[in-house]
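Given next are the chains, with one letter for each unit.
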Amino acid sequence: MSAASIPAALTATLAAARRVTVLTGAGMSAESGVPTFRDAQAGLWSRYRPEELATREAFEADPDAVWSWYEWRRDLVEKAEPNPGHVALVELAALVDRLTIVTQNVDGLHLRAGSQDVIEFHGNLFENYCVERGHPMTSVPRPCPAPPPCPRCGSPARPGVVWFGESIPANALERALAAAQECDLFLAIGTSALVYPAAGLAETALGAGAVAVEVNPQRTSLSGLAEFCLRAPSGEALPAIVAALRARLGIGGATRP
Ligand code: NAD
């Protein structure tokens, strides 16, 4: 996908935007080699039943099995690198007044790419805490075959991700809602938009007057709400958006003059 294939009206909207809010999902990391949950071929769900693994009940029933599954995912993510889509979002942030990323991904790849204003809505695979009291457990070694006990209370470590049936941490929810309410442009990338409350952020943004843009090779439930849909992988579409915006702003570098 080239800069020329980005609609001029989209580039103009971006150039005029005061605040851009980006919602990313598993598709954002697909080109880094991190499988999505729902994509039929490579999705983790084709080999595992996540409802048996990504819940508090599952962890209580078999902590070692659930922990091993997360160790497997940590291994995968450690070997992965941010892809051109992640890098393009770092560049885009330098071209607009304010850009906030709300990510459903737990892989930390936006932060590794260098994005600054990132809300990890569903937590992070590498930030463990103890299951009973929520004590942070920052120094769990890797690899670690079984959940180690908390040095303060003895309860086992759990991954710092939001499991099915759990609430989004209040601080992340509050910041994400504010970012959705205050943006002019809402960019949904690589998400099937089936998991709430993340999926509802687009509706919040639209209700507050934002223009919605979707980057996803497939149609989703957000497609009907979006003014622009780029049907391409994010690793191709996002660099093209950045190139188009740079051309419109008349700059070759990474920052707005
Ligand atoms: P999802 O698996 O439901 O949907 C992925 C979406 O990405 C699909 O719509 C697909 O068409 C699209 N896609 C696939 N390849 C793409 C590409 N190269 N560029 C752009 N889009 C692409 O993912 P979801 O909506 O994020 O929801 C699933 C939940 O699973 C989330 O809560 C997330 O926390 C979790 N999850 C996270 C990771 C990760 O951290 N990388 C991986 C798998 C699942």
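Just so you know, these numbers come straight off a predicted model, no measurement behind them.

Trainee: Outline the overall build of the chain, listing residues and values.
Mentor: The number of helices and strands found in the chain is 9 helices and 9 strands. Radius of gyration (C-alpha) of the chain: 19 Å, near the 18 Å computed for a compact globule of 257 residues. Across its three principal directions, the C-alpha atoms of the chain cover 60 × 35 × 35 Å. With 257 residues in all, the chain has 50% of them scored as buried. Expressed as a percentage of contacts within the chain between residues at least 6 apart in sequence, the contacts between residues at least 24 apart total 69%. Total accessible area on the chain is roughly 11600 Å²; 53% of this is exposed by carbon and sulfur atoms. The chain carries 21 positive and 27 negative side-chain charges, and their two centres are separated by 3 Å.

Trainee: So what's going on with the packing of aromatic side chains? Which residues, and what values?
Mentor: Counting across every chain of the model gives 3 aromatic pairs. Judged by centre distance (5.4 Å) and plane angle (35°), the rings of phenylalanine 59 and tryptophan 163 are tilted. Of this pair, phenylalanine 59 sits in helix H3 (residues 56-61) while tryptophan 163 sits in the loop between strand E6 (157-161) and helix H7 (170-182); the two residues are 104 residues apart in sequence, bridging distant segments of the chain. Phenylalanine 59 gets classed as buried once you look at its relative accessible area, which sits at 2%. Take tryptophan 163: its relative accessible area is 1%, and that puts it in the buried class. Across from the ring centre of tryptophan 67, 4.5 Å away, lies the NZ or CZ of arginine 74, which sits over that ring. In this structure, arginine 158 packs its charged tip against the face of tryptophan 163, placed 3.7 Å from the ring centre.

Trainee: Describe the nonpolar core, and please don't skip the residues or the numbers.
Mentor: If you look at the biggest cluster of nonpolar residues, it comprises 33 residues, and the most contacted ones within it are Leu187 and Leu238. Elements that contribute at least two residues to this core include exactly helix H1 (8-16), strand E1 (19-24), helix H5 (84-93), strand E2 (98-103), strand E7 (185-189), strand E8 (211-215), strand E9 (228-230) and helix H9 (234-249). Top element by residues in this core is H9. It accounts for 7 residues. Ignoring any residue separated from it by four or fewer positions in sequence, one finds leucine 238 in contact with Met28, Gly85, Ala88, Leu89, Leu187, Ile189 and Val215. Within the second largest apolar cluster, 20 residues are counted, among which are Val102, Ile119, Val162 and Ala205.

Trainee: Report on the side chain of serine 223, specifying residues and quantitative values.
Mentor: Within the secondary structure, serine 223 sits in the loop between E8 and E9. Contacts of serine 223, omitting those with residues within four sequence positions, involve Glu214, Cys229 and Arg231.

Trainee: Provide a residue-level description of the packing of H5 against H9, including the pertinent values.
Mentor: Here H5 crosses H9 at 25°, and the two axes come no closer than 7 Å. Relative to H9, the element H5 lies roughly parallel. Between H5 and H9 lies a crossing whose hand is left-handed. Along its contact with H5, which presents Pro84, Gly85, Ala88, Leu89, Glu91 and Leu92, the element H9 presents Ser234, Gly235, Leu238, Pro239, Val242, Leu245 and Arg246. The residue inventory of the contact of H5 with H9, partitioned by class, reads 8 nonpolar, 3 polar and 2 charged.

Trainee: Please set out the side chain of threonine 21 residue by residue, giving values where relevant.
Mentor: By the element assignment, threonine 21 lies in strand E1. Discounting chain neighbours no more than four positions away, the residues touching threonine 21 are Thr100, Val102, Ala179, Ala180, Cys183, Leu185, Phe186 and Leu187.

Trainee: Let's hear about H9: which residues, and what values?
Mentor: The end-to-end C-alpha distance of H9 is 22 Å, a good match for the 22 Å that 16 residues give at a rise of 1.5 Å each. Buried within H9 are the following residues: Ser234, Gly235, Ala237, Leu238, Ala240, Ile241, Val242, Ala244, Leu245 and Arg246. Those residues of H9 that are buried are in contact with H1, H5, E7, E8 and E9. Of the residues flanking the end of H9, it is glycine 250, one or two places downstream, whose phi is positive at about 75°.

Trainee: How would you explain the domain arrangement of the chain if you had to name every residue and give the values?
Mentor: Split into domains, the chain comes out as domain 1 (3-33 + 82-122 + 168-249) and domain 2 (43-79 + 129-161). Look at where the C-alpha atoms of domain 1 and domain 2 centre, and you get two points 29 Å apart. With 5 residues of domain 1 at the contact, the number on the domain 2 side is 6 residues. Between domain 1 and domain 2 lies a buried interface of about 370 Å² when both sides are counted; carbon and sulfur atoms form 58% of it. There are 0 salt bridges connecting domain 1 and domain 2. Across the contact surface, domain 1 and domain 2 share 1 residue pair in polar contact (both at pLDDT 80 or more). Split into classes, the residues belonging to the side of domain 1 that touches domain 2 amount to 1 nonpolar, 2 polar and 2 charged.

What counts and how
- Residues numbered from 1 in each chain as written.
- Predicted model: local features only at pLDDT ≥ 70, side-chain atom pairs only at ≥ 80, totals over all residues.
- Heavy atoms only, no water.
- Helix = DSSP H or I, 4+ residues; strand = E, 2+ residues; numbered from the N terminus.
- Rg over C-alpha atoms; globule rule 2.2 N^0.38 Å.
- Buried < 20%, exposed > 50% of the residue type's maximum accessible area, 1.4 Å probe, protein only.
- Contact = heavy atoms within 4.5 Å.
- Areas by Shrake-Rupley, 256 points an atom, 1.4 Å probe, with all protein chains shown as cover.
- Lys, Arg positive; Asp, Glu negative; His and termini not counted.
- Charge placed at Lys NZ, Arg CZ, Asp CG, Glu CD.
- Phe/Tyr/Trp six-rings, centres within 6.5 Å; stacked < 30°, edge-to-face > 60°.
- Lys NZ or Arg CZ within 6 Å of the ring centre and 35° of its normal.
- Core = buried A, V, L, I, M, F, W, Y, C linked by side-chain atoms within 4.5 Å.
- Axes fitted to C-alpha atoms, helices over the stretch in contact; angles between N-to-C directions.
- Parallel < 35°, antiparallel > 145°, perpendicular 65-115°, else oblique.
- Left-handed = near helix turned anticlockwise from the far one by under 90°.
- Nonpolar A, V, L, I, M, F, W, Y, C, P; charged D, E, K, R; others polar.
- Expected span 1.5 Å × (residues − 1).
- Domains from an automatic or database assignment.
- Buried area = accessible area lost by both parts, 1.4 Å probe.
- Salt bridge = Lys/Arg side-chain N within 4 Å of Asp/Glu carboxyl O.
- Polar contact = N/O pair within 3.5 Å; in protein donor to acceptor, adjacent residues only side chain to side chain.

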